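Analysis of the macromolecular model
Each chain, written out:
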Amino acid sequence: MTESYRYKAFISYSHRDKAAADKLLKDIENYRMPKRLVGKAALDGTIIPDQVGQIFRDRDELPAAEDLTAEVKKALTQSEFMIVLCSPVAAASRWVNREIIEFKKLTGERRILSVILSGEPFASNQDRPEEECFPPALRFKLGKGGALTTKPAEPLAADFRAMGDGPRRGKLKLIAGLLGIGLDALIERDLQRKMRRVMAVTAASVLAMVGMASLTYEAVTARQDAERHRGEAEGLIEFMLTDLRDKLEPVGRLDVLDVVGEKAVEYYDTQPLDEMPDDALGRRARAFHLLGEIQNLQGANDNAQNMFERASMATKNMLSRDPHNPQRIFEHSQSVFWVGYRYWQNADYSNAEVAFLDYKHLAEKLVEVDSNQTRAYLELSYANSTLGTLFLRQKRNLDAAIMAFDKARTARQLSYNLIVVQGINEAEKISLVDDLSDYDAWIADTYLILGDFQKAREFRSNEIVRYGSLLELDPYDLDALQENAPDNLEASIQLLNARLAASQIDFITGKHQAAQRDIRMVTDTMYSIVEQQLALCKTTYCISSEWLKYSALSYVAMADVNVSLGRLEEAITDLQKIKLLLQKMGNNYSNLAEVKTRISYPYEYFNAKIDYLKSNYANANLRLDALLSKLNENQLDLHTTKGGTYIWARSTMLEANLHSTANEIRASCAAWNNIIERLGASRQTLSPYNKHILANALIQTGKSGNDRDRASKIITELNIMGFSHPNPMFDPQDIITTCS
């Protein structure tokens, strides 16, 4: 028999949180259940009502007594649930604490639902009691006599903070808990409501746009009125592609704008480019550019390319009308860049190069005619660096890449010198250091592929010194850096990145133990800075996702080193940190392909590798199969993202080793041959890491003396470079196979 209660819940709160209590009470009592759920069975077997039910809230200040009032005790007895509004002031309230204890005595631990308003759960466990939001009675369980013990409790909480569930989702989570139904059911209904409102607005806007367009061509005959109405129609299109996009993107419904895009394309297709006035042509270019961005966000690559090319046609037409106008040159250069960037994303490097060379020529022309020489040289710097990164990604013309980066550095310094004449500010100085350091980093990466480790280390050292000078500290004094970090977080993180990269070069050139110590210090310092910043702002949204990414990447490097040195337990701890950072990042990072390729996939690989090294072959196979499936599904991301080929090669090598260990010779040989087929064709442009793997594959197959000769040449080449990885060419655990 189900127990009958007068109140669905008792709200316990500090009276300093009265406004929040009032709002929550109103929201809960006014909430109407979805009709499709009413009358059905909840998870506990009770029938779902159309409303949550009555909530008890003590509206009067409690008297200055030593115990709870009779009214409160009675209400607690008559309440099915307790809702605790949690904040630092609630955590310090003796009345809130006593109400929780009394309710626990009556019903136990399970019917208490917490709502986090502010503060931090369990902050008192981290020596930050002033931030604690859970009262002691929530944090600890009761003993048999009703007294609090030191045994930790696990309170159920809806996090109303922006960093958590947020007020809307938090409310639904709370209601789902009170009624014993699935949260997804309420969220689906809430999203349907929201989308009905958005669709209504969108439909009205589309009709208005079509109406405006019709007015432009049918209802208006006077030229002056026609131009005015054309401006209004085109302005409406631009509004819908900007403001309305901002409303639809957060709810994942950019597809609603597809009809707007279709109408915009139809509208502009009726107007020949050559007959459009300049201002209308400018709006056309902006509209197609915005449509390209929207299609790009939806993953519609071909449509995005088409839109960017249409924008480029418009800016090209504008430039042809006034070929020496600096603004027209600048606008067209931006359109051309985006066309090239889309080719880049699709791994169409030949067309990307054509577009980026055009971009560079436009930047050079801008230098010739633009009175704003600062902008012109800055654009020339970016154009050269774009070409350099393309050459570096292709690994096709590495000498040209270094030359392009050198030109980018020169142009960037010139733009800075012009700014100095006009009056420098700190932001410009930081921007210069960032750009020059980026170019040095790319040059270092290029020399790394060429096998010139000394040059690579030299350019990484340039970065370190430059950031140390900017921060006015010894770049190798990590204590000073951590103390200074809050004043200049970006530069501090970048300095640590440069030190990490330099230590990785030291590691592969034989300084294994020293590099391991340096990487550990850098990794821990970076995490401390990020953790400190998170504690200050209480939300991942007020810390750059780039910093979270860099911290995760440093732990990837640390795990790699520790696995290579056989320090497996330390590597496992590093992997736990990576997992935590990935959770904090969520989907807030714009380039998810990079996060997957450089962080998520290595995380999965190292877990499988550690299982393999510990002879947990079943677990290793399960992990590796899941990873290989993802890698095979995302070949384009691997091809276009730094480290993509390496993570594929390492995973395939592990696959070969696992098959070999199980004496599955044919499968092992297939994996090794897969590596040879993919890496062998581009041996001269492989990184030293991938050359190392290719040599392993050639030796393992043993197909012919020619294969072993090729392997011998690679090993000699790596030795001349100074490459000294701690792992030998053969893994001692491997069974050497003959694949002839």
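In the block above lies the structure referred to throughout.
A brief look at the structure comes next. Because the structure is a prediction, the values reported are computed rather than measured. (Residues numbered from 1 in each chain as written. Predicted model: local features only at pLDDT ≥ 70, side-chain atom pairs only at ≥ 80, totals over all residues. Heavy atoms only, no water.)

1. Topic: the sheet that holds strand 2 (residues 55–57)
Spatially, 5 strands are ordered 2-1-3-4-7 in an open sheet, and the strand pairing comes out parallel. Of all the strands in the sheet, the pair left with one neighbour each is strand 2 and strand 7 (156–159). Each neighbouring strand pair of the sheet contributes to a mean axis angle of 25°, computed without reference to strand direction. In the sheet, strand 1 (residues 7–12) pairs with strand 3 (residues 79–86) via 5 bridges, with the strands oriented parallel. Bridge pairing in strand 3 places Tyr7 opposite Ser79. (Pairing = 2+ DSSP bridges. Helix = DSSP H or I, 4+ residues; strand = E, 2+ residues; numbered from the N terminus. Axes fitted to C-alpha atoms, helices over the stretch in contact; angles between N-to-C directions.)

2. Considering the pattern of salt bridges
Two side chains of opposite charge can pair, provided their charged atoms sit close to one another. Per the stated rule, a full pass over the model turns up 27 salt bridges. Here Glu80 and Lys8 are joined by a salt bridge, their closest N and O atoms 2.9 Å apart. With Glu80 in strand 3 and Lys8 in strand 1, this residue pair connects regions lying 72 residues apart in the sequence. Like Glu80, the residue Lys8 is buried in the burial classification. Here Glu594 and Arg598 are joined by a salt bridge, their closest N and O atoms 2.9 Å apart. (Salt bridge = Lys/Arg side-chain N within 4 Å of Asp/Glu carboxyl O. Buried < 20%, exposed > 50% of the residue type's maximum accessible area, 1.4 Å probe, protein only.)

3. What to know about the environment of Leu418
For Leu418, the position within the fold is in helix 15 (residues 398–422). Leu418 gets classed as partly exposed once you look at its relative accessible area, which sits at 29%. Separated by 41 residues in the primary sequence, Leu418 and Tyr377 have C-alpha atoms spaced 9.4 Å apart. The residues contacting Leu418, other than those within four sequence positions of it, are Gln373, Thr374 and Tyr377. (Contact = heavy atoms within 4.5 Å.)

4. What to know about the pairing of strand 4 (residues 112–116)
Counting buried positions over the 5 residues of strand 4 gives 5, a clear majority of the element. Here strand 4 shows two buried faces, one formed by Ile112, Ser114 and Ile116 and the other by Leu113 and Val115. As defined by bridge partners, strand 3 adjoins strand 4 across 5 bridges and the pair is classed as parallel. Residue pairing across strands places Met82 opposite Ile112, the latter belonging to strand 4. Bridge count between strand 4 and strand 7: 4 bridges; the pairing is parallel.

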